[in-house]
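Here is how the chains run, residue by residue.
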Amino acid sequence: MATSDISFDALIPLIVWQFLIPIGAGWVQTVLYGIFIRAGDPKPMPGSPRYVKHRRNILIAIYAAYLTFTIYEADYNQQRLSNVYRDLGVPIDVDESGINSRFRRLTIRFHPDKIGPNVDRELANNYYVHLKHSRDILLDPAKRFAYDRFGPDIIAQCRHCVTVSDYISESLASTGLIYGVLLIMLIGASALRIQTTGSYWRYLGLLAVATFDMATALRPYHPVFLSKYLNPLLTSTNIRPAYLPFQVLSIMKKAAISFTQFLALLMRLYRSDPQQSAKSSKDTEEARHKQLDRLTALVTETNKDANRLLELESIPYRENEKAKSELREALKKYMVQNVVHQEREVRNAMGEVMMRRRTGAPHGAHGTK
C-alpha cells in the first residue's frame, strides 16, 4: 500500500477523459471526412445515424489509446524512480550474503577515502551514505518487508516502527483513511447524480484494488503471479527490471482509475434512451405526413390552375384537335417546370432522390443511374 500513490492527482486525466478527448474526436472526424469522402459527395450531417456511428467509433479508438497510454505512463514513471535494489545492483530475491558481498565491492569503488582527488568529496560522501542506507534497509527484515510492499515513503514516515506489525499498522491507518475518503466521494457523487454512468465499475475497481492491497500487505511473501510468472519472464527476457509489489500496486491504482473511466464512457456511448428514440421517430413520421399533405395540396391546386388555363388558351383551337393537343402538352410541361419544381419541398425531395442514386456509385461513374 504505497501511501503516496493513491491517485488524488487524477484531475488532469479526468479533464482529458471528459473534455479534451471529445473535442479531439470532433477534429479527427472532420479531418477523416476530408480525407476519405470524395469531393462533391455529401458528408454525413451531424446527428444523423451515420455521423453518430462514426463519432462513436472514433471516440472508442481514442479512449482505448489513452487507456493504454496511462498504463504505460504509470509503468514508465515507476521505471524512472530509483529503488534500493537498483542502487545496489542486486536482484529483488537477493539474500544477506549477496547484499554484503555487493556492498563490499561498492565500498571499494565509492568510499570517500578511496576516491580520486578530482571527485567532489561531499557528493561522494552523500552517495556512499545512500548506499549504506539502502544496504541497511535490505538487511533489516522488517524494513525490507515494508519497503517491498509499501514503498520508500513508509521508511521515512515511520521512523519509530521496529517490527513488521508496526509498519503494517502504520500503512493500514493511512491507506484505510484514503480508501474511506474515496468511498465517501463515490457515494456522494452517486447521491448528487454526478457521473452516475458506470458507478458500479468504480465501486468494483476500488474494491479490487483495496483487496489486492490488503492481500499484498498482510502476506509474508510476494504475490504469486509476480514471483512465479511475471518477474521470471522479465528477468529472462531482460525487458525491464523485475517488479516490486509496491510498484505493481501503484500501476494498478492508476490503471483502475483509467479503466473505470473507460468503461463508464463506453457505456455512455452505447446506452440509448428508448423514450427519446420513440419520440424522435414519432416526430419524424409526423413531419413526413405533413410534408406529403402539403405536396398533395400543391399538386391539386396546380392541376386545377392548369386545367383552367388550358380551357382559356385552347378556345382559338377548338376546331383543330391536333393543335389543341400540342398546346395542352406544352402548357402542362410549363406548369410542371416553372411552378411545381420551384417549390422548396419538391426541390428537397428531388435532391434526396439524386443523393441516394449517387450513393454507392463506383468511382468515376457519370450520370445518376
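Residues numbered from 1 in each chain as written. Predicted model: local features only at pLDDT ≥ 70, side-chain atom pairs only at ≥ 80, totals over all residues. Heavy atoms only, no water.

## With respect to the packing of aromatic side chains
Aromatic rings in a pair are described by how distant their centres are and how their planes are angled relative to each other.
Inference 1: For the coordinates displayed, the defined rule picks out 10 aromatic pairs.
Inference 2: Here the aromatic cluster, defined as three or more aromatic residues joined through ring pairs, consists of Trp 17, Tyr 63, Tyr 66 and Phe 69.
Inference 3: In this structure, Arg 240 packs its charged tip against the face of Tyr 243, placed 3.8 Å from the ring centre. (Phe/Tyr/Trp six-rings, centres within 6.5 Å; stacked < 30°, edge-to-face > 60°. Lys NZ or Arg CZ within 6 Å of the ring centre and 35° of its normal.)

## Re the packing of helix H6 (residues 141-150) against helix H8 (residues 164-191)
Inference 1: Across the interface, H6 lies against H8 with an axial gap of 8 Å and an inter-helix angle of 30°. The orientation of H6 with respect to H8, classified from their angle, is roughly parallel. Every pair of crossing elements has a handedness; the one defined by H6 and H8 is right-handed. On H8, the residues that touch Ala 142, Lys 143, Phe 145, Ala 146 and Phe 150 of H6 are Val 164, Tyr 167, Ile 168 and Ser 171. (Axes fitted to C-alpha atoms, helices over the stretch in contact; angles between N-to-C directions. Helix = DSSP H or I, 4+ residues; strand = E, 2+ residues; numbered from the N terminus. Parallel < 35°, antiparallel > 145°, perpendicular 65-115°, else oblique. Left-handed = near helix turned anticlockwise from the far one by under 90°. Contact = heavy atoms within 4.5 Å.)

## Some remarks on a nonpolar patch on the surface
Inference 1: Nonpolar side chains collect at one region of the surface, where Leu 11, Leu 14, Ile 15, Phe 19, Leu 20, Ile 23 and Trp 27 lie side by side and expose about 750 Å² of accessible area between them.
Inference 2: Judged by relative accessible area, which is 63%, Trp 27 ranks as exposed. (Patch = residues over 30% accessible without salt bridge, like charges linked within 9 Å, V, L, I, M, F, W, Y side chains within 5 Å. Areas by Shrake-Rupley, 256 points an atom, 1.4 Å probe, with all protein chains shown as cover. Salt bridge = Lys/Arg side-chain N within 4 Å of Asp/Glu carboxyl O. Buried < 20%, exposed > 50% of the residue type's maximum accessible area, 1.4 Å probe, protein only.)

## Overview of the packing of H8 against helix H9 (residues 199-218)
Inference 1: At a minimum axis distance of 11 Å, the contact between H8 and H9 shows a crossing angle of 175°. As judged from the angle between their axes, H8 and H9 are roughly antiparallel. For the pair H8 and H9, contact is made by Ile 168, Leu 172, Tyr 179, Leu 182, Leu 183, Leu 186, Ile 187 and Ser 190 and by Ser 199, Arg 202, Tyr 203, Leu 206, Val 209, Ala 210, Asp 213, Met 214, Ala 217 and Leu 218, respectively.

## Considerations on the confidence of the model for the protein
The predicted structure's coordinates, where accompanied by low pLDDT, should not be read in detail.
Inference 1: In the predicted model, the protein carries a mean pLDDT of 81, and 76% of its residues have values of at least 70.
Inference 2: Confidence over residues 1-8 falls short of pLDDT 50; this stretch has 35 contacts with residues more than four positions distant or in other chains. (pLDDT = per-residue confidence, 0-100.)

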